[in-house]
Structure formats: structure tokens, C-alpha cells
Amino acid sequence: MSVSRRKFIQCSCGVGCLYMSGLTGSLLAKLPGQNREQLIEARYYEKLPHRKIRCLLCPRECVIDDLERGYCGVRENRGGTYYSLVYGKPVSMHIDPIEKKPLFHFLPGSEAFSIATVGCNVLCKFCQNWEISQARPEQVPAADEPPEKIARAAQVNRCASIAYTYNEPVIFAEYMYDIAEIANSLSVHSVMITNGYINAKPMRDLCRVLRAVKIDLKAFTERFYRELVAGELKPVLDTLILLKSEGMWTEIVYLVIPGQNDDRKELTDLSRWIMKELGPDTPVHFTRFHPMYRLTNLPSTPIATLQMARNIALDAGIHYVYTGNVPGDPGENTYCPHCRKMLIQRIGYHIVRNEIKNNQCPYCNTKIAGIWQ
Ligand code: SF4
């Protein structure tokens, strides 16, 4: 079967994953497989009396009895030892343009070998990938792919990076770390596409092997996080500050949902917080919501609302502010923050032209923040 590289690599799940390409299928088959029963011990937990454990990976810090699982459903206590049930068990693998993540200031025009397992540590009522994010390992057939096979597949397919994406990679942190460490030795970068709901210690550890992070900042109110995400805002803001302190290249995506997180004051507060805590060079993407999953009662975001959000952020002083999920909108392009000339023109995930040279605007020599080569 002939399949475009961009469309599909290999997977076993039902989320846009329909067949296996000969290219990567044969590539993966050359390397030794993993014993399906082999479980990897989790790296972030503490043992408690009576064979209980406390998971220390994300801010939920679930306390878990023997033979029980945490909230995310992919980590299990067996006799007082905690295990990952998704290590080496991807359910989805694609090659995507890096612009799809979206990361606009990280190797534009390059491709990212993108993988996911099942599971998530929050429950967004607007999740695009709920079939895998809200599933348990028993519910979705998975491949057996040890870290070295993923890293090697990305290299052979000439992907500049591996993206941990589609579901929440926090819940497969050990697998992500091990893949990224091997990939680094093969000169393949790693980028984490995450909700940022993670404790400081594992995030700091991951910073040693990642090159860029995209944070889905879902709103700027605890009310929204409580009612629509089943999570908390504060730990996500803490993660953004931590990433800044670690010097990690970070971009923010804010999905604008009508009537829920599109208030002018909320967007103003958000923009001021970014300016104060992260500075003007953190790109912010305001993306368009479409009704899905448990929020089918709401309309799609009006384009005027996205443009309002973008203007608020630009007025606050943020240098690089984008509109997303609106192909052809001028807000998809990168402009020099000093002379305002267009430097990268995009249509959707496609780069029409890129004029950035030596990390600079060719018109006024202003340095453009990002990782360009
Ligand atoms: S990673 Fe999973 S088990 Fe651990 S604290 Fe978070 S939700 Fe609970």
C-alpha cells in the first residue's frame, strides 16, 4: 500500500490511524521487539505503609492502594511497587509538520515524528483526541516499540524532531525521557506537547533531554480549569515559569472557547502575566475552537474574537502572537517585532516563504527569538 509519509506511519488505534506504511513498518521490524509483559517501574513515587504508594509525577499526587491505578489509568500499584503500563506501548505514530504542533519558532518547515500512548491526567470536555486520552491500556491495541526503535525510526525518516503529542505525554514521562535521551545521541531533537500539569522534579529532569515545549494553557481562571478540565491553573503557570528559568524554548497555545475563556479582561490579565513572568519573546497562539466531545453545544470561535485576543496580546507588548485553525489569516504569519515586515508567511501548516537569516530580520537586523537551525 502506498501511503504519504505525512499522512501516516504506523499505529493500532482508531484515531485517524488506518494503516501501516511499508517504510516505517519494515524499519521498525528490523529491530528487536519488546516483551509485552515487561513492565517498567515508575520513576516518580514514594512508598507508603500497607503497600500503598503516592505518585509524584503530576500535581494530583494520587495515593494508590495495592492493585489500583491512579487517575490517569496508566500507572498501577502491584504489591507496593508502582509501574507504568504504557512504557513502549504507542497507539499512534505519524510524521507531521512541526507547524501542526504548533511550534512556529522551532525549525520551521521541518518534520516531527509524532507519537502517543493512551491516557491523560486531566479530562478536558473539549478534547480532540478523547478516544485515546480517556482510554485505558486494555481498550486500545498498542504496538511494542522500545525507545531505541522510535529514535531510530525518526532518524531514518529524516525527522528533525520527535514530538510527544496527541495524548498527554506527562503520563508516559519515563518512555518519553528514554526515547529523547537516545534520540539526542542520534541528533534528533525532542519536543513535548503538553498541558503543563506536571510536578517540578520530573519537568526539570525532562528539560535535560527536550529541546522545546508547547504548553496548552487552557484558560486564565481556576473556574475554567475546575469545571472544564478537571485540573488546576496554578501548577500550569508554575511549569511555564520553570521552563523559562531552565531556558527551554516554549510556545503557548490558548484555545479560545466562546463564552468560556474569551473575556476581554481574562485575555488582558493573561497577556500581562506572560509579559511579566515570561517576557515578550514567548510566542502565543490563539486557536479556534470547534464543537466536539462534550462541548458540542457551543459554536465555533468567531474569527473576530481570535483577532481581538491577538490584538490584546500585541498591545500588551508580546512580540509574536498568532491566530490558529484559520488557514490564510494574516495572524498565521511571523512579523518582525521592530520593523513589522512579514518574515514567515504561512497558510495552515505550509510555509510559503521564510526570510529569517542568521536568526535575524533581514530588513532591520533585529534578532528573532526561536531556534531556527
Ligand atoms: S500521573 Fe497519574 S497517577 Fe500520577 S498523580 Fe498524575 S494522575 Fe495520579
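A brief structural summary. Worth saying up front: this structure is predicted, and the values here are computed from it rather than measured.

Here we come to the pairing of strand β12 (residues 212-216). Within a regular beta strand, the side chains point alternately toward one face of the sheet and then the other, so they alternate between its two faces. For β12, the buried fraction is high: 4 of the 5 residues fall into the buried class. Note that the unit made of strand β11 (residues 189-194), helix α5 (residues 200-207) and β12 has a crossover that is right-handed. Examined bridge by bridge, β12 and strand β13 (residues 249-256) share 5 bridges and lie parallel to one another. By the bridge assignment for β13, Asp216 is matched with Val253.

Turning to the sheet that holds strand β18 (residues 350-354), a few remarks are in order. Each strand in a sheet pairs with another by means of backbone hydrogen bonds, the pair being arranged parallel or else antiparallel. The antiparallel open sheet is built from 3 strands, whose spatial order is β16-β17-β18. This sheet does not close on itself; its edge strands, each paired only once, are β16 (334-335) and β18. By the bridge criterion, 2 bridges tie β16 to strand β17 (residues 342-347) in an arrangement that is antiparallel. In the strand pairing of β17, Tyr335 is matched with Met342.

Turning our attention to the packing of aromatic side chains. All told, the structure shown has 10 aromatic pairs when counted by the stated rule. Of the aromatic side chains, those joined through ring pairs into one cluster are Tyr87, Tyr164, Phe172 and Tyr175. Sitting above the plane of the Tyr71 ring, Arg60 keeps its charged end 3.7 Å from the centroid. In this arrangement the basic side chain of Lys341 is found over the ring face of Tyr363, its NZ or CZ atom lying 5.0 Å from the centre.

One open sheet holds the 3 strands; their spatial order is β3-β4-β5, and the pairing between them is antiparallel. Of all strands in the sheet, those bounded by a partner on one side alone are β3 (45-48) and β5 (63-64).

In this section: empty space enclosed by the protein. Tallying each qualifying case throughout the model produces 2 cavities of 30 Å³ or more. Within this model, the largest cavity holds a volume of roughly 110 Å³. Residue composition of the lining of the largest cavity, by class: 9 nonpolar, 2 polar and 3 charged. Here the second largest cavity is characterised by a volume of approximately 50 Å³. Lining the second largest cavity, in full, are Arg310, Leu314, His319, Tyr320, Val321, Tyr322, Asn333, Thr334, Tyr335 and Arg340. Going through the elements one at a time, α9 (303-316), β15 (321-324) and β16 are the ones with two or more residues in the lining of the second largest cavity. Per-class residue counts for the lining of the second largest cavity are 5 nonpolar, 3 polar and 2 charged.

What counts as what
- Residues numbered from 1 in each chain as written.
- Predicted model: local features only at pLDDT ≥ 70, side-chain atom pairs only at ≥ 80, totals over all residues.
- Heavy atoms only, no water.
- Buried < 20%, exposed > 50% of the residue type's maximum accessible area, 1.4 Å probe, protein only.
- Helix = DSSP H or I, 4+ residues; strand = E, 2+ residues; numbered from the N terminus.
- Right-handed = clockwise from strand over helix to strand, strands pointing away.
- Pairing = 2+ DSSP bridges.
- Phe/Tyr/Trp six-rings, centres within 6.5 Å; stacked < 30°, edge-to-face > 60°.
- Lys NZ or Arg CZ within 6 Å of the ring centre and 35° of its normal.
- 1 Å grid on protein atoms, 1.4 Å probe; cavity = no way out; pocket = protein on both sides within 12 Å on 5 of 7 lines; lining within 4 Å.
- Points joined across faces, edges and corners; volume = space filled by probe spheres on them.
- Nonpolar A, V, L, I, M, F, W, Y, C, P; charged D, E, K, R; others polar.

Purely geometric stuff here, so don't read any function into it on its own.
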